[in-house]
Amino acid sequence: MLIWLAALSHHIGPLNVFRYITFRAAGATATALAFVFFFGPSIIASLRIKQGKGQPIRADGPQSHLAKRGTPTMGGLMIIAGLTVSTVLWANPRSAYVWIVLFVTLGFGAIGFYDDYLKVTRQSHKGYSGRARLSAEAGIAMLAAYFMMCASAAGPVTGLGDFFAALAAPFTMAAPATKLAAPFIHGWIVDLSWLFLPFAGFVIVGAGNAVNLTDGLDGLAIVPVMIASATFAIIAYLAGNDIFAHYLGINYVSGAGELTVMTGAMIGAGLGFLWFNAPPAQIFMGDTGSLALGGMLGAIAVAIKHEIVLAIVGGLFVMEALSVIVQVASFKMTVKRVFKMAPIHHHFEQLGWAEPQVVVRFWIIAFVLALIGLTTLKVR
């Protein structure tokens, strides 16, 4: 909302900087980082008191993890709080995409929080029913996808009447949000029409649960999420600029550039959280954070029309999710396991890799995949 200060720039010249997305993204990063640094210790202390023994550590997991018993979870609360405050403060409220992605982030965070709450209070790994959780996630994701169709079809919404008109826009006019573009191939675009809703729902739900499965070691999930956020910050900025989008041959999405501010807030909040989550972790992200951040990445990818690129940039998350799918399918069909333990980061622990080795090497993989994802902007 600080963008409104730019209206006073004809009286106070320096306030003109608030018009620039890059300046506000940097401000959001700094604000979120300061927020988590300042409130983090009190949040951790409060969660430690309320949770007592903390989230139970699986007895059938790596034995080295038993030493982590008693570490509080739900650390995603500090990330979500810092991200939300910074986004609301620095982003342009006229961009519908900011509110839609924030809706997904908070919705998925609420589902994860309930799941963590059940696990802590029951002192069990059995939280929210898997089927019920996926249904709730799908409902939130598809509703967000419909709002994106409305935003792309109706354009800027300035009043209450415009808002209600926007809700019916996909029925009366074309919705650019439904167009799917392929990376590396210039001009290849498929209009999914109403199939966009289940497709976008799958992308958002899949991203949320993939990040959730990755969150198994101290610092393992948060750094790849920050790397992916930085990558999508660049893409969102370019996709939201008509000149850059036309030059690069990517879909132009009016208003999507403001998502750069949100990704900046995510990076700042993530850095603050990593300070407390670095091994040995003082707090775990929990489903509260991992579902919210994964859902946020999926929603941003859908909003800026880079859903396929998400599979490249977030390839580490895809690898983690596929390892679980392959392990479960193999065991059900052949009663044999492909990996020593799933998700795959536990497999490498069983091979003798120390936890810091697994974490840092997976960070490197995430960074390389992000660079590959960025090449899709020009190699078409």
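Just so you know, these numbers come straight off a predicted model, no measurement behind them. (Residues numbered from 1 in each chain as written. Predicted model: local features only at pLDDT ≥ 70, side-chain atom pairs only at ≥ 80, totals over all residues. Heavy atoms only, no water.)

Observations regarding the side chain of R133
Checked against the element boundaries, R133 lands in helix α4 (residues 130–154). For R133, the contacting residues outside a window of four places in its chain are I111, D115, Y128, N209, N212, D287 and L291. (Helix = DSSP H or I, 4+ residues; strand = E, 2+ residues; numbered from the N terminus. Contact = heavy atoms within 4.5 Å.)

Some remarks on unusual backbone geometry
With an omega dihedral of -5 degrees, the bond running from P279 to P280 counts as a cis peptide bond. Position of P280 relative to the elements: it lies in the loop between α10 (259–277) and α11 (286–303). Backbone torsion omega between A342 and P343 reads 0 degrees, so that peptide bond is classified as cis. Inspection of the secondary structure assignment puts P343 in the loop between α13 (315–334) and α14 (344–350).

What to know about the nonpolar core
Membership of the largest hydrophobic core comes to 104 residues, with the highest contact counts inside it found for I79, F196, I222, F232, L259, M266 and I304. A per-element tally of this core places helix α8 (residues 222–239) first, with eleven residues. Discounting chain neighbours no more than four positions away, the residues touching L259 are Y97, V98, V101, A236, I300, A303 and I304. (Core = buried A, V, L, I, M, F, W, Y, C linked by side-chain atoms within 4.5 Å. Buried < 20%, exposed > 50% of the residue type's maximum accessible area, 1.4 Å probe, protein only.)

Considering the pattern of salt bridges
On inspection of all chains with the given rule, the structure shows seven salt bridges. Across the pair K119 and D115 runs a salt bridge, and its minimum N-O distance is 3.2 Å. Of this pair, K119 and D115 both sit in helix α3 (residues 96–122), four residues apart, roughly one helical turn. For the pair shown, K119 and D115 are each scored as buried. The closest approach of N and O atoms between R133 and D287, which form a salt bridge, is 3.4 Å. (Salt bridge = Lys/Arg side-chain N within 4 Å of Asp/Glu carboxyl O.)

Quick word on the environment of I80
For I80, the position within the fold is in helix α2 (residues 76–90). Taking the relative accessible area as the measure of exposure, I80 reaches 10% and is therefore buried. Residues I80 and A278, spaced 198 residues apart in sequence, show a C-alpha to C-alpha distance of 18 Å. Ignoring sequence-local partners within four residues, the contact set of I80 consists of L106, G109, T288 and A292.

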